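A closer look at the structure
The residues making up each chain are set out below.
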Amino acid sequence: MKLLTKEEFKELSYERIFELLETSERGLSETEVKKRQSELGFNEIPEKKKSLIVLFLKKFWGLTAWMLEFIIILSIFLKHYLDAYFIGALLFLNAILSFYQESKSSQAVEALKKQLAIKVRTLRDQWVLIDAREVTVGDIVRIRAGDFVPADVKVIDGSIGVDQSALTGESQLIQKTTNDILYSGSIVKNGECTAVVVFIGNKTYFGKTTELVELAKPKLNIEHMITKVVKFLMVIVVGSLVLTFIVSYVRGENLFALLPLMLILLVSAIPVALPAMFTVSMALGSQQLSKKGILVTRLNASEDVASMTTLCADKTGTITENKLTLSKVKPVSGFSENDIYIYGALCSLEANNDPIDLAFINAAKDKNIDLSSYEKINFIPFDPKLKRTQSAVKINNEQIIITKGAYESICNVCPVVDEKTKLELDNAVNEWAKNGYKTIAISIEKSGKIEFVGLAALYDPPRKDSSVFIKELRKLGVKIKMLTGDAKPIAQEIASQVGIGGNIARPEVIRQAISNNAKKAYEIANQANGFCEVLPEDKFYIVKSLQSGNEIVGMTGDGVNDAPALKQAEVGIAVSNATDIAKKAASVVLLQEGLGTIVNLIKMGRIIHHRVLNWIVNKIVKTFQTVVFVCIAYLITGKFVVSALDVVLLLFIIDFVTISFSTDNVRWSKKPEVFNIRPLVNVSVMIGVLTVLESLFILYVADKNYQIFSNSHMLHSFGFGILLFSNIFNVFVIRERGHFWESVPSRVLLVSMLADFIVGVLMMSFGIIVYRLPFELVALLVFYLILASLFNDFVKVALSKLKNH
């Protein structure tokens, strides 16, 4: 085998390329493929991965790390060496934990990238679907509308329109045919062709690869909502610290010595981990979704799914089984039933895996019809606008052009001459449609004369579980609209069978209304149970109409022309057999057909959303309690109840629980999530206020009985215990919107909380790092805080009920 130069690639014909690359139209054998892959490598451009050491060292760079490092230096300067050692050790431990968690998140994304690899139809003894990475030089590939070109190839036969704007910046559509060049990364917009692979990986002309997973950090709606809350919290925190600093100055305290504690309290209030928590939750949630046959291409997809109010679902494959069978045929005078099977199969292409084509091909096989005497000269694939397919076939030196498509489309190119026959056909089409059958008509052109051959009835039965899942979607507060290209009678029949409803509209009413009256367009779209005779561009208008009424729209699609609608919808859902372009435009790809996976997607999206909200509320309560409690206690008593080391220690111990929020067992909500977390924030601030008051009370009780204010070390240890145990018990209160016993935490979260609790008890009982406290004082603290948490839980539920009335 001789590898080609760039000039040879451009100038030589595909026949000459066959000779030089030692291949043929039959493709390569598996043995030859493995040999070439070992010599030339795979069709990929290796990523330049950052050094793990550099990534780890970055954990010591940033706002939190800088402030902790400054405190270490300050502690050494003040000769608080023990504080410096422990803060340094905890900083290092946090770096390890953060690095480990980020690695898990990266692994989840890498797994998604592998599962969403671009697929290529390749000739290896027979046509097979393989990952683009496996393609090698000399392979024969089949490329069609909706595909990304997987390598630099030379066209053997066929005609396609390609978009090279991602490579060259030129936006016009370029037509390519035999002996033309296609560059890796180009997008096929129409037509189809067979081609030979010449260059792969980093040897391709542009050296670019296309991936379906979007790795850019998503801009989440919830981040915008929480920014205002964070600003409000920072006003309270900074205000508390400034007031404390002023009082310290008046009291003649050593302000320089107080600086470490003040800085630590400020650091504890900044939600620096918020973006990381979102990304980790989304990545781990995506991993859980993949186990259910759902792949996300954008990490923020789960947030949009959680708030989805309307689902526009394709009938075929989502509501029905997408297994078309040829049930009935009706030839016109002069043609037989066998003619319909023969011409229908000849106007189909097995390599395209189209359900209608496969129905005709399988029917011909079942009838033992031999098509070997027919030579297929040309094939024009299905055009969604014209709604027909065309094939040129030669038999006995005579050329026939066969057209197969929707009844109305075929009637437009081949009018039925006999009025009586036309009436019979119309009646047959209407009768079949009432029973849920899809009608396909066939015509042939011979010697310039076009003749109508007959009709075929295809049946795609509804899935047995469709009606069950439609009811479940409605219970989840999601409206469902069925979209289909079929005629109205078929659409009404299928919709009534699965319980969607009989109000089926035609999309032209949306087209007419959307430009002049958006409100009317929304009313039509909202009231309709579905749409019939839908063209791909109609889906875009339907989505926009629903969005004009503030609906959060989910949209399923599979074809190249569905991409605009999938991109416009908040939740674009590409079904299992979708084209690469549809998958790229969508935010979710389903590996299994049917509504069941969409129901799972909605539930999981709401669970992920709930986990993130729980983290936010926990952060608010924890920040409010830590800063406000420490500052108020100082203003009342003139003493700080914790040291800088205690607060740093607390932050890192509680981090074990915080990380576990992304794995918690939470219940999905019964209605779409709304991006208004003010009620939750109100509840969390109320819990924070209660916790501060409870903390001050137990502090007073402890001092009355154990005189803890006379011993600063004892006071700091007790203050540390108050903040640690109340934070642990508050997790039970925060994670469940009802009473805490209504759902069980995940094993990881439960173990984390139990471990933190045991560590806290041992530290205070045996004087590990913190000052040793009498065991009965520790027991009193724990018992009191458990009672306080029970009280807080009942207050939370009461406030939630009050909010809902």
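Values in this document were obtained by computation on a predicted structure and should not be read as measured data.

This part covers the overall build of the protein chain. The helix and strand tally for the protein chain stands at 29 helices and 21 strands. For the protein chain, long-range pairs separated by at least 24 residues make up 73% of all intrachain contacts whose partners lie at least 6 apart in sequence. A total accessible area of about 35900 Å² is found for the protein chain, and carbon and sulfur atoms account for 57% of it.

Before going further, it helps to examine the packing of aromatic side chains. The full count for this structure, using the stated rule, is 16 aromatic pairs. With 4.3 Å between their ring centres and 10 degrees between their planes, Tyr 634 and Phe 640 make a pair best called stacked. Of the two residues examined, Tyr 634 and Phe 640, each falls in the buried class. Note on Trp 741 and Phe 794: the rings are 6.0 Å apart at their centroids and 55 degrees apart in plane angle, and the pair reads as tilted. Taken as a pair, Trp 741 in the loop between helix 27 (712-735) and helix 28 (747-766) and Phe 794 in helix 29 (residues 775-804) lie far apart in primary sequence, 53 residues in all. A relative accessible area of 44% means that Phe 794 is categorised as partly exposed. Among the aromatic residues, those joined into a ring-pair cluster are Phe 732, Phe 740, Trp 741 and Phe 794. Taking the ring centre of Phe 42 as reference, the NZ or CZ of Arg 133 above it sits at 3.9 Å.

In this section: helix 17 (residues 466-475). Buried within helix 17 we find Ser 466, Phe 469, Ile 470 and Leu 473. The buried residues of helix 17 occupy an angular sector of 105 degrees when projected down its axis, which confines them to one face. The exposed residues of helix 17 that point more than 90 degrees off its buried face are Lys 471 and Lys 475.

This paragraph deals with the sheet that holds strand 21 (residues 588-590). Strands sit in the order 8-21-20-19-9-16-18-17 across an open sheet of eight strands; the sheet is mixed. The sheet is open, and its two borders are formed by strand 8 (294-296) and strand 17 (504-505), each paired with just one other strand. Bridging between strand 16 (residues 479-483) and strand 18 (residues 530-531) involves two bridges; their strand directions are parallel. Opposite Leu 483, over in strand 18, you have Phe 531 as the bridge partner. Contacts between helix 21 (residues 536-547) and the sheet are confined to strand 9 (310-314), strand 16, strand 18 and strand 19 (553-557), with strand 19 contributing the most and set at about 170 degrees to the helix.

Right, let's talk about the nonpolar core for a bit. Of all hydrophobic cores here, the largest spans 74 residues; its most connected members are Leu 699, Ile 708, Phe 718 and Phe 725. The element contributing the most residues to this core is helix 24 (residues 596-637), with 13 residues. Setting aside its immediate chain neighbours within four residues, Phe 725 contacts Phe 757, Gly 760, Val 761, Met 764, Leu 781, Val 782 and Leu 785. The next biggest cluster of nonpolar side chains, apart from the first, holds 62 residues, and it includes Ile 118, Val 120, Val 196 and Ile 510.

On to the pattern of salt bridges. Scanning all chains against the criterion turns up 25 salt bridges. The salt bridge partner of Asp 157 is Arg 142, with a shortest N-O separation of 3.9 Å. One end of the pair, Asp 157, is in strand 4 (residues 152-163); the other, Arg 142, is in strand 3 (residues 140-144), and 15 residues separate them in sequence. Its relative accessible area of 36% is what places Asp 157 among the partly exposed residues.

Glancing now at a nonpolar patch on the surface. Together, Leu 754, Ile 758, Leu 762, Phe 766, Ile 768 and Ile 769 give the surface a local cluster of nonpolar side chains, amounting to about 560 Å² of exposed area. Judged by its relative accessible area of 51%, Leu 754 falls in the exposed class.

Another aspect to go through is the environment of Ala 145. Turning to its location among the elements, Ala 145 is positioned in the loop between strand 3 and strand 4. For Ala 145, a relative accessible area of 23% puts it in the partly exposed group. Along the sequence, Ala 145 and Lys 189 sit 44 residues apart, while their C-alpha atoms lie 5.0 Å from each other.

The subject of this paragraph is unusual backbone geometry. At Asp 125, a position not held by glycine, the phi torsion is positive, near 70 degrees. Among the secondary structure elements, Asp 125 is positioned in the loop between strand 1 (119-124) and strand 2 (126-131). In this structure Asp 125 comes out as exposed when scored by relative accessible area, which is 66%. Here the phi dihedral of Asn 179 falls at roughly 75 degrees; this positive angle occurs in a residue that is not glycine. For Asn 179, a relative accessible area of 29% gives the class partly exposed.

Turning our attention to the confidence of the model for the protein chain. Do not read the fine detail of predicted coordinates wherever pLDDT is low. Considering every residue of the protein chain, the mean pLDDT works out to 83; 88% of them sit at 70 or more. When mean pLDDT is taken per element in the protein chain, helix 13 (residues 337-346) scores highest with 94 and helix 7 (residues 165-168) scores lowest with 64. Scored below 50 in pLDDT, residues 209-219 shows 30 contacts in the model against residues more than four places distant or in partner chains.

Right, let's talk about the pairing of strand 11 (residues 375-383) for a bit. Taken together, the six bridges between strand 11 and strand 12 (residues 388-395) define a ladder with antiparallel strand orientation. When the sheet's bridge partners are listed, Asp 383 is paired in strand 12 with Arg 388.

Before going further, it helps to spend a moment on helix 28. Taking 1.5 Å per residue as the helical rise, helix 28 with its 20 residues ought to reach 28 Å, and the 28 Å between its terminal C-alpha atoms agrees with that figure. Within the span of helix 28, buried status applies to Leu 749, Ser 752, Met 753, Asp 756, Gly 760, Val 761, Met 763, Met 764 and Ser 765. Once helix 28 ends, the next one or two residues include Gly 767, with phi positive near 70 degrees.

On to the sheet that holds strand 12. Within the open sheet, the six strands sit side by side as 10-15-14-13-12-11. Their pairing is antiparallel. Because the sheet does not close on itself, it has two edges, and the strands there are strand 10 (325-331) and strand 11. Neighbour-to-neighbour, the strand axes of this sheet turn through a mean angle of 20 degrees, independent of strand direction. The pairing of strand 14 (residues 437-446) with strand 15 (residues 449-459) spans ten bridges and is classified as antiparallel. Residue pairing across strands places Thr 439 opposite Ala 457, the latter belonging to strand 15. Across the face of the sheet, helix 16 (residues 419-434) comes into contact with strand 10, strand 14 and strand 15 while running at roughly 20 degrees to strand 15.

For the rest of this paragraph, the subject is the packing of helix 17 against helix 24. Their axes nearest at 9 Å, the elements helix 17 and helix 24 cross at an angle of 20 degrees. It follows from the interaxial angle that helix 17 and helix 24 lie roughly parallel. When you trace helix 17 past helix 24, the crossing you get is left-handed. Along the contact surface, helix 17 presents Phe 469, Glu 472 and Leu 473, while helix 24 presents Gly 596, Val 599, Ile 602 and Lys 603. For the contact of helix 17 with helix 24, a count of residues per class yields four nonpolar, one polar and two charged.

Moving on, we get to the pairing of strand 2. The pairing of strand 1 with strand 2 spans six bridges and is classified as antiparallel. Residue pairing in the sheet places Arg 124 in a bridge with Gln 126 of strand 2. In sequence, strand 1 turns back onto strand 2 through a hairpin of one residue, with Asp 125 there showing a positive phi of about 70 degrees.

A few words now on the side chain of Thr 597. Assignment of secondary structure puts Thr 597 in helix 24. A relative accessible area of 4% means that Thr 597 is categorised as buried. Residues within four places of Thr 597 in sequence aside, it is in contact with Lys 292, Ile 294, Leu 590 and Gln 592.

The rules behind each value
- Sequence order as written defines residue numbering, which begins from 1 separately in each chain.
- For this predicted model, a pLDDT threshold of at least 70 governs which residues receive local features, and a threshold of 80 or more governs which side-chain atom pairs are given and counted, while totals over whole chains, interfaces and linings are taken from all residues.
- The side-chain figures draw on all heavy atoms in the structure; neither hydrogens nor water molecules are used.
- Secondary structure follows DSSP: runs of H or I at least 4 residues long count as helices, runs of E at least 2 residues long count as strands, and numbering of each begins at the N terminus.
- The contact rule is simple, with two residues in contact once any of their heavy atoms fall within 4.5 Å.
- Reported accessibility uses the Shrake-Rupley method at a 1.4 Å probe radius. Residues are deemed covered only where the shown protein chains occlude them.
- Geometry of aromatic contacts follows a simple scheme: Phe, Tyr and Trp rings, the Trp one being its six-membered ring, pair when their centres are within 6.5 Å, and the pair is stacked under 30 degrees between planes, edge-to-face over 60, tilted otherwise.
- Only protein chains enter the accessibility calculation, which uses a 1.4 Å probe; a residue whose area is less than 20% of its type maximum is buried, one above 50% is exposed, and one in between is partly exposed.
- Consider the ring centre and the ring normal. A charge sits over the ring if Lys NZ or Arg CZ is within 6 Å of that centre and within 35 degrees of that normal.
- This arc describes the spread of directions from the helix axis toward the C-beta atoms.
- A pair of strands is treated as paired once DSSP finds two or more bridges between them.
- Fitted lines through C-alpha atoms give the axes, limited to the stretch in contact for helices. The angle between two N-to-C directions lies from 0 to 180 degrees.
- Here, the term nonpolar core denotes a set of buried Ala, Val, Leu, Ile, Met, Phe, Trp, Tyr and Cys residues that are joined through side-chain atoms within 4.5 Å.
- Counted as salt bridges are all cases of a side-chain nitrogen of Lys or Arg within 4 Å of a carboxyl oxygen of Asp or Glu.
- Residues form patches when they are more than 30% accessible in relative terms and have no salt bridge. Like charges link within 9 Å. Nonpolar side chains (Val, Leu, Ile, Met, Phe, Trp, Tyr) link within 5 Å.
- Scored between 0 and 100, pLDDT is the confidence that the predictor attaches to each residue.
- By this rule, a helix spans an expected 1.5 Å times one less than how many residues it contains.
- With respect to orientation, any angle under 35 degrees is reported as roughly parallel, any angle over 145 as roughly antiparallel, any angle of 65 to 115 as roughly perpendicular, and every other angle as oblique.
- The crossing is said to be left-handed when, going from far helix to near helix, the turn is anticlockwise and less than a right angle, and right-handed when the turn is clockwise.
- Amino acids outside the nonpolar list (Ala, Val, Leu, Ile, Met, Phe, Trp, Tyr, Cys, Pro) and the charged list (Asp, Glu, Lys, Arg) are all regarded as polar, and Gly is one of them.

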